[in-house]
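Fold and geometry: a report
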Amino acid sequence: MHAVRDHERAVDTLRRSYAAVPAGEPVRLAKQTSNLFRPRSAPRTPGLDVSGLTGVLAVDPAARTADVQGMCTYEDLVDATLPHGLMPLVVPQLRTITLGGAVTGLGIESTSFRNGLPHESVLEMDVLTGAGEIVTTRPRGEHADLHRAFPNSLGSLGYATRLRIELQPVRRYVSLRNIRFTRLEELVDAIGEVVAKGAWGGEPVDAMDGVVFSPGEAYLVLGTFTDEADDGPSDYTGQEIYYRSLRRRTRDTLIAYDYLWRWDTDWFWCSAAFGVQHPVVRRLWPRRYRRSDVYHRIVRLEHRHQVAARVDRWRGRPARERVVQDVEVPLDRTPEFLRWFAANVGMTPVWLCPLRLREPSGPGSAKAWPLYPLRPGETYVNIGFWGSVAIAAGAADGDVNRQIERMVSEVGGHKSLYSDAYYDRGEFDRLYGGDTWRAVKDRYDPDHRLTGLYEKAVSRA
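Notes on the structure in this doc start here. (Residues numbered from 1 in each chain as written. Predicted model: local features only at pLDDT ≥ 70, side-chain atom pairs only at ≥ 80, totals over all residues. Heavy atoms only, no water.)

Along the backbone of the protein there are 16 helices and 18 strands. At 22 Å, the protein has a C-alpha radius of gyration in line with the 23 Å of a compact globule built from 461 residues. Dimensions of the protein, computed from C-alpha atoms along their principal axes, come out at roughly 60 × 55 × 45 Å. The contacts of the protein with a sequence gap of at least 6 include a subset with a gap of at least 24, amounting to 72%. As displayed, the protein has an accessible area near 19,800 Å², and 51% of this comes from carbon and sulfur atoms. (Helix = DSSP H or I, 4+ residues; strand = E, 2+ residues; numbered from the N terminus. Rg over C-alpha atoms; globule rule 2.2 N^0.38 Å. Contact = heavy atoms within 4.5 Å. Areas by Shrake-Rupley, 256 points an atom, 1.4 Å probe, with all protein chains shown as cover.)

See the structure below:
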C-alpha cells in the first residue's frame, strides 16, 4: 500500500508541474540521464518533475508481470526481477534506458528475434496526456488508439507514468556460441534458420545478435539460457573487453546479469574514444565509472563546449559529422546494405540484432504499430553504428546521414529517431504514421501543448 500511495503522490506532483508550464512553452522531463543523440534547443522553463516515478511498484512471479513506473531504469527493473528468475521480454543494451523511454522511443536487444520490441509486452499503461489527464491504455478498449500510437511518439502524445509488462523466465547463466562468417549471405541464412527453428546445430537459441568487423568478417552470437556452466563464467567488467572476445572465443559463458549488461561496460566499443580500452587507462579508470551513462555525460559536455572540435581545427584536421544511428533492414537486403555501408561510410564495427514483430499467439498473430510500421511476419536486422566521419571537401555536415536515410528507404527499411534525422515533413509522415499520429494528437492533446513528433525528431525542438 505504501508503494501505491507514494506512486499516487508522485503522479500528483507530475501533474502539478505540468500545469505550471506556461501555455506555449516547451514541455520537457526533468531527468538526470538521457540516451538521446539528438541535440535540442535549451528549455526556458523547469522540466516536469518525475523524481518520484523511478521505481518498481510490484513483481508478480506467478503471473510473470511487473508494474513499473515510467522513469524506472532497466538496471533497477532487472535488479527486481532476477531474484525471481525472471526478466523483461526485451532488455535494451544500456542500463539507464527507462521503461517509458523504451516504449515511447523504441528499444531492442538479442531476444527481439522472437519477442519483438519492448512495447509489445506492455499490457497496460497510465499516460499523462497533453490535456493534463491520466488515462489508462490497453491493447483493446477506450484508449486503444493511444496505446497503439504511443510507441515511437517520443513524448509527443504524452508520458507514461506506470506500465504493466510481461516477464519471461531466465536461467542463472547464458551459454554463448560465437560463429564466424566470411560471407554475409551465409550469415543471413543462419539468422533465417534460427528464426524459423529457434535453434542452430541442434542447440536451442534464446538470444541472438552479432557484430560485423568487415563484409568478410562477421560474427553471430547465439545465447542459450542454462543453469549449468561448463567453465567459469567470463568477466568483461574488468580488463577484458567483450566485443574483442568474439574474435578469439568460439564458446563463452556469462552470468545472466552480466550478459544483460555485456554491452554497457564499454558502450559497445565506443569507450575507445575516451581511452578506456587502453590497458593502463583501464586499470586507472574506476570500474564503477565504466558504464554508458558516464560516457554519455562526457559526450554531452563535448557537444556543449566543443573542446575536441577546437583541437582538430588547431591541428588542421577536417571537421567531423556525427553518424550515430540504428536502422532496421529486411533480412534479405541486409548484405546489400552492409556492403554499401562499408564502401560509402566505412565505420567499423557495426552491431547486428535480428528482429521480428512479436507473435504472441503463434504465426500470423503479430500486429503492426503505426508510428514505426514494420511488416508483420517479416524478419529485419537492426544495424547499429555509432561514431563520426570526416566531412569531405565540398561536403556539408549531415550529408552522410542523408545518404544513409536514402539507402535505408531504398532497401525497404526504417530508422530509429533517437539521433539526427533529416527527412522533409512529407517523407517523415509517410514513414512514421503521420495521419495516425495527427488523429491521436488531436484527441489527447487538442491544444498541441506537447512538442510535435517531427519537431522533436527533425527540427530538434
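Let us look at helix α15 (residues 434-444). Buried within α15 we find G434, W437, V440, K441 and Y444. Mapping the buried residues of α15 onto a view down its axis gives an arc of 130 degrees, with all of them on the same face. Set apart from the buried face of α15 by more than 90 degrees, the exposed residues are D435 and A439. (Buried < 20%, exposed > 50% of the residue type's maximum accessible area, 1.4 Å probe, protein only. Arc of directions from axis to C-beta.)

Running from N to C, helix α12 (residues 334-344) and helix α13 (residues 399-410) point in directions that differ by 160 degrees, and their axes come no closer than 10 Å. By the angle between their axes, α12 is roughly antiparallel relative to α13. Once α12 is placed against α13, the crossing between them reads as right-handed. Residues E336, F337, W340 and F341 of α12 touch α13, and the partners they reach there are Q403, I404, M407, V408 and E410. Looking at the contact of α12 with α13, its residues break down into six nonpolar, one polar and two charged. (Axes fitted to C-alpha atoms, helices over the stretch in contact; angles between N-to-C directions. Parallel < 35°, antiparallel > 145°, perpendicular 65-115°, else oblique. Left-handed = near helix turned anticlockwise from the far one by under 90°. Nonpolar A, V, L, I, M, F, W, Y, C, P; charged D, E, K, R; others polar.)

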